[in-house]
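Below are the chains, spelled out letter by letter.
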Amino acid sequence: MAVAHTDLRVETGIGTLETRSPATGEVIGTVPIFGEKEVAAAVARARDAAAQWGALSHAERRVHLIAWRRELARRADELAELIHRENGKPRTDAMAEVMVALAVLHHATERAARALRTRTVSPGLMFGQRARISYHPFGVVAVIGPWNYPAFTPMGSSASALAAGNTVVFKPSELTPLVGCFLAETAAAAIPIADVFQAVTGDGRTGQALARAAVDKIAFTGSTTTGRKVMQAAAERITPVVLELGGKDPLIVAPDADVDRAAEAAVWGALTNAGQACVSIERVYVASELHDRFVDVVVREVRKLRTGAGDDAQIGPITRPEQVGVIREHLEDALKKGARVLVGGPDGIDGAFVPPTVLVGVTDEMKIMREETFGPVLPILRVESVDEALRRSNATAFGLGSAVFAREGARQIADRLRAGATAINSVLTYAFIPSLPFGGVGDSGFGRVHGDEGLREFSRVKATTEEWLRLPFSATTFKVPANAYAQLRGLVQQVFGGGVVDRVRGALARLTPR
Ligand code: NAD
């Protein structure tokens, strides 16, 4: 049954767009395309709402965000169904997405008061001053989201932004607009202040209009290519941005790893959501001595997987039709350059369904090892040492997630991986722990969502000083004593040059437990 969304507050827009089931092509619904004018109106409403929402205490906002969470939990079946229909992922995966989305909302709600409390810090040499750090809402945050986790990814930014006292204008992907509308509809039902969380549907033009609009911060999640455009648009108004972009995440299997567990985790990490996760395992570097066993277990497990649109399927369709072409191109390029298919392969592609594919004999020159494939593909590469695995893992402009399986020295290996996150003896887990900051380096973007870092990302940090002790001398006057130079020089020597204060400080530092 098709859904027409009439409750979006846009009369004309610049057209409409249809959302379709990726599995069947059936039209699921029609939504307006918000143009510049409509986006500006939504931002203006969000600005009015921000005056009220931002003035509430953390305790008051918490009550409203709990109400939204409960409303979403009450209607979890509807949300999971919409995710399943628009994105195509199996219903169980859709419900798992609902769960992790609510987990980040819950965490931000409960954590905001503590993470954003005003702190007093040392005044350093400014004796007599009290130094304070406080956190304030920016105002209006634009959230631009992708289709692969259409509820979880926008919630990652929105939960922190809202809990920090901002209002949100959310532009969902053109492939999953109804999920965006559902989030806005439930927020409106649960939160008594209007327009705290709005959805503006549309395509890239709507996203571009929002990135150029008079918002105070932009949280973009999507491809690196679009991320660059968003950053350029944001530069016009010097709007700060958080960019959560693509990845080419490596998994390292060290010689002492539990090879069976590593192989099973690799299969899930590469193939869950049909490989359409920003933190999908896209490359595996396996120690030579474990390689053959690892490949055997991977092949055995992948053969058991069911692909399709039915409720028993574990691998759903590719959501974005153009992505099938990219996956095919990466596979054909790899085969042409000498890779071997052990399961699946390009010949098995059937419309939107790509069979889970395992490749060996891959090299770093192949597209499949360099560019984001974003499909159910697991390329395995044999390495002679952990150092080699690390060197090859880090030889990419991306740096989002990563994983290592090892018994000894796993933490050291993890620390040497150039990425925003590493899972040791598991895969992707960091993305589902809401108290951990999430984000990348390099072409994977910058800024953090989730955790205390996420709450502070959506806060304007304010430094305040206040005199609490009136001293006989002052640092902020031209009325200085004639020997000021000598006094300052003495201070420099005592405090920084090995003088008495410096030595006492050193002794105290040595006593402090680490
Ligand atoms: P995309 O870049 O094509 O689109 C993302 C959003 O940007 C959509 O809402 C789209 O309408 C909008 N958009 C398009 N052109 C725009 C423009 N010129 N200005 C502003 N907005 C514009 O990405 P996608 O295909 O929806 O998502 C897949 C990508 O997202 C993958 O690369 C994946 O790795 C990445 N991703 C990253 C994370 C993360 O947290 N790092 C999470 C999920 C997905």
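Model, not experiment: these values are computed from the prediction.

### Details of the sheet that holds strand S11 (residues 249–253)
With mixed pairing, seven strands are arranged side by side in an open sheet as S13-S14-S15-S12-S11-S16-S17. The open sheet has two free edges, formed respectively by strand S13 (340–343) and strand S17 (423–424), since each of these has just one partner strand. One ladder, built from three bridges, connects S11 with strand S16 (residues 403–405); its direction is parallel. Each residue of the ladder has a partner; that of leucine 251, found in S16, is alanine 403. On the sheet, helix H9 (residues 259–271) packs against S11, strand S12 (281–287), strand S15 (377–383) and S16 and is oriented at approximately 140° with respect to S15. Against the sheet, helix H13 (residues 386–394) makes contact with S11, S12 and S15, and its axis sits at roughly 140° relative to S15, the strand it touches most.

### Topic: the nonpolar core
Counting 127 residues, the largest nonpolar core has Trp68 and Phe294 as the members making the most contacts within it. It is helix H4 (residues 91–115) that contributes the most residues to this core, ten residues altogether. Both of domain 1 (35–245 + 450–461) and domain 2 (249–432) provide at least three residues apiece to this core. Sequence-distant contacts of phenylalanine 294, that is, excluding residues within four places in its chain, are made with Val253, Val259, Ala262, Ala263, Ala266, Val284, Val286 and Ile380. Grouped together as the second largest cluster of nonpolar side chains are 23 residues, Val43, Ile144, Ala234 and Leu243 included.

### Remarks on empty space enclosed by the protein
Summary: where empty space remains is shown by rolling a probe the size of a single water molecule over the atoms. A full pass over the atoms with the stated rule returns five cavities of 30 Å³ or more. Of the voids in this model, the largest cavity is the one considered here, and its volume is about 220 Å³. Ranked by residues supplied to the lining of the largest cavity, first place goes to helix H5 (residues 152–163) with four residues. Of the residues contributing to the lining of the largest cavity, the split by class is twelve nonpolar, five polar and one charged. Among the domains, domain 1 (35–245 + 450–461) and domain 2 (249–432) are the pair contributing at least three residues each to the lining of the largest cavity.

### Description of the pattern of salt bridges
Scanning the entire structure with this criterion turns up 34 salt bridges. We note a salt bridge from aspartate 311 to arginine 91, for which the minimum N-O separation is 2.7 Å. Here aspartate 311, found in the loop between helix H10 (288–303) and helix H11 (321–336), pairs with arginine 91, found in helix H4; they are 220 residues apart in sequence, far enough to count as distant. Two residues, arginine 205 and aspartate 203, come together in a salt bridge whose shortest N-O distance is 2.8 Å. Note on arginine 205: relative accessible area 47%, which makes it partly exposed. Look at aspartate 203 and you get buried, because its relative accessible area is 18%. Among the charged side chains, a network of salt bridges with common partners joins Glu71, Arg74, Arg75, Glu78 and Glu185.

### Quick word on the site of the ligand
The local shell around the ligand holds 30 residues, among which Gly145, Glu174, Ser223, Thr226 and Glu372 are the closest. At 2.6 Å, a side-chain N or O of glutamate 174 approaches an oxygen atom of the ligand. Here glutamine 208 contributes a side-chain N or O atom positioned 2.8 Å from a nitrogen atom of the ligand. Considering the ligand on its own, with 850 Å² of exposed area, one finds that the protein chains cover 91% of that surface. For the shell around the ligand, a count of residues per class yields eleven nonpolar, twelve polar and seven charged. In terms of domain composition, the shell around the ligand takes at least three residues from each of domain 1 (35–245 + 450–461) and domain 2 (249–432).

Definitions and limits used
Residues numbered from 1 in each chain as written. Predicted model: local features only at pLDDT ≥ 70, side-chain atom pairs only at ≥ 80, totals over all residues. Heavy atoms only, no water. Pairing = 2+ DSSP bridges. Helix = DSSP H or I, 4+ residues; strand = E, 2+ residues; numbered from the N terminus. Contact = heavy atoms within 4.5 Å. Axes fitted to C-alpha atoms, helices over the stretch in contact; angles between N-to-C directions. Core = buried A, V, L, I, M, F, W, Y, C linked by side-chain atoms within 4.5 Å. Buried < 20%, exposed > 50% of the residue type's maximum accessible area, 1.4 Å probe, protein only. Domains from an automatic or database assignment. 1 Å grid on protein atoms, 1.4 Å probe; cavity = no way out; pocket = protein on both sides within 12 Å on 5 of 7 lines; lining within 4 Å. Points joined across faces, edges and corners; volume = space filled by probe spheres on them. Nonpolar A, V, L, I, M, F, W, Y, C, P; charged D, E, K, R; others polar. Salt bridge = Lys/Arg side-chain N within 4 Å of Asp/Glu carboxyl O. Near = heavy atom within 4 Å. Polar contact = N/O pair within 3.5 Å; in protein donor to acceptor, adjacent residues only side chain to side chain. Areas by Shrake-Rupley, 256 points an atom, 1.4 Å probe, with all protein chains shown as cover.

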